[in-house]
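# Chain and residue survey
Below, each chain spelled out in residue letters.
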Amino acid sequence: YNRRPGGENPGGIRFFHAHFLFTLIRTLKPKHVIESGAHRGIGTWFIRQACGDCQIIVISPENQNVYVDHQSNSRYFTGSQFKDFNNFVWDEILDLPARRETLIFFDDHQSGLRRSLEARERGFVHLAFDDNYIEGDNFSLKQACDPEGLYIQEPFRAQRRYRDNFS
């Protein structure tokens, strides 16, 4: 963690989420990792440290300004090449057997429930979410599992507005 590029990463991945991601990748040993929402690229750096020579596919509206992975099989759909995860024809990028050996790391502040359904519909089985907050800017899986709002703090119950589709 102390060797990460860019120092502090405000608005991006921090120690506990980076440790979780690193451990998950080391345990699953995926051949491909899709990172949807890459911010400055620090999460991409952690993915590379954890997976060795796996293929990394980055999907993010903005180009990363701290770390860009230069391994020959890495693919970037960022900046002017960006399109939403849901809009890819995944058969053109990864065949179905490869998708079963892929981890998707969703850090795009979109609905976790919607992303789960989209990924499952396309044959992906390994998903991880960074923005899984009880109180946050997207409809997280924690919120989906709490329909009565038992864990949502009072000021947020009346203000349940979520960003989705990139606002």
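Residues numbered from 1 in each chain as written. Predicted model: local features only at pLDDT ≥ 70, side-chain atom pairs only at ≥ 80, totals over all residues. Heavy atoms only, no water.

## Some thoughts on the packing of helix α1 (residues 15-28) against helix α2 (residues 42-51)
Close contact between α1 and α2 brings their axes to 8 Å; oriented N to C, the two are set at 35°. The interaxial crossing formed by α1 with α2 has right-handed handedness. Within the contact between the two elements, α1 uses Ala18, Leu21, Phe22, Ile25 and Arg26 and α2 uses Gly43, Phe46, Ile47, Gln49, Ala50 and Cys51. (Axes fitted to C-alpha atoms, helices over the stretch in contact; angles between N-to-C directions. Helix = DSSP H or I, 4+ residues; strand = E, 2+ residues; numbered from the N terminus. Left-handed = near helix turned anticlockwise from the far one by under 90°. Contact = heavy atoms within 4.5 Å.)

## Some thoughts on the sheet that holds strand β2 (residues 55-60)
Here five strands make up an open sheet; going across it, the order is β3-β2-β1-β4-β5 and the pairing parallel. Where the open sheet ends on each side, the last strands, each with one partner, are β3 (75-78) and β5 (126-129). Neighbouring strand axes in the sheet, compared pairwise and without regard to direction, differ in orientation by 15° on average. Judged from the four bridges that link them, β2 and β3 form a sheet pairing that is parallel. Residue pairing in the sheet places Ile59 in a bridge with Phe77 of β3. (Pairing = 2+ DSSP bridges.)

## Examining the confidence of the model for the protein
Interpretation of this model should avoid reading the predicted coordinates in detail wherever pLDDT is low. For the protein, the average pLDDT comes to 86, and 79% of its residues sit at 70 or higher. Looking over the protein, one finds the lowest element-wise mean pLDDT in helix α6 (residues 154-157), namely 56, and the highest in helix α3 (residues 96-99), namely 98. (pLDDT = per-residue confidence, 0-100.)

## Digging into the nonpolar core
Where a protein is soluble and globular, its nonpolar side chains tend to be buried together. Formed by 20 residues in total, the largest nonpolar core has its most connected members in Ile13, Leu21, Ile25, Ile47 and Leu103. Residue assignment for this core shows that the elements contributing at least two residues are α1, α2, β2 and β4 (102-106). If you tally residues by element for this core, the top one is α2, at six residues. With near-sequence residues (within four places) excluded, Leu21 lies in contact with Ile13, Gly43, Ile47, Leu103 and Phe105. Formed by 14 residues, the second largest nonpolar core is a distinct cluster that contains Phe77, Phe85, Ile93 and Leu94. (Core = buried A, V, L, I, M, F, W, Y, C linked by side-chain atoms within 4.5 Å. Buried < 20%, exposed > 50% of the residue type's maximum accessible area, 1.4 Å probe, protein only.)

## Considering the packing of aromatic side chains
With the rule as written, the count across this model stands at eight aromatic pairs. For the pair Phe77 and Phe88, a centre-to-centre distance of 4.8 Å together with 75° between the ring planes defines the contact as edge-to-face. Of this pair, Phe77 sits in strand β3 while Phe88 sits in the loop between β3 and α3, and the two are eleven residues apart along the sequence. For Phe77, a relative accessible area of 13% translates into the label buried. (Phe/Tyr/Trp six-rings, centres within 6.5 Å; stacked < 30°, edge-to-face > 60°.)

## Quick word on α2
The element α2 is largely enclosed, with a buried count of nine among its ten residues. For α2, every residue scored as buried is listed here: Ile42, Gly43, Thr44, Trp45, Phe46, Ile47, Arg48, Ala50 and Cys51. In the core, the buried residues of α2 are packed alongside α1, β1 (32-36), β2 and β3.

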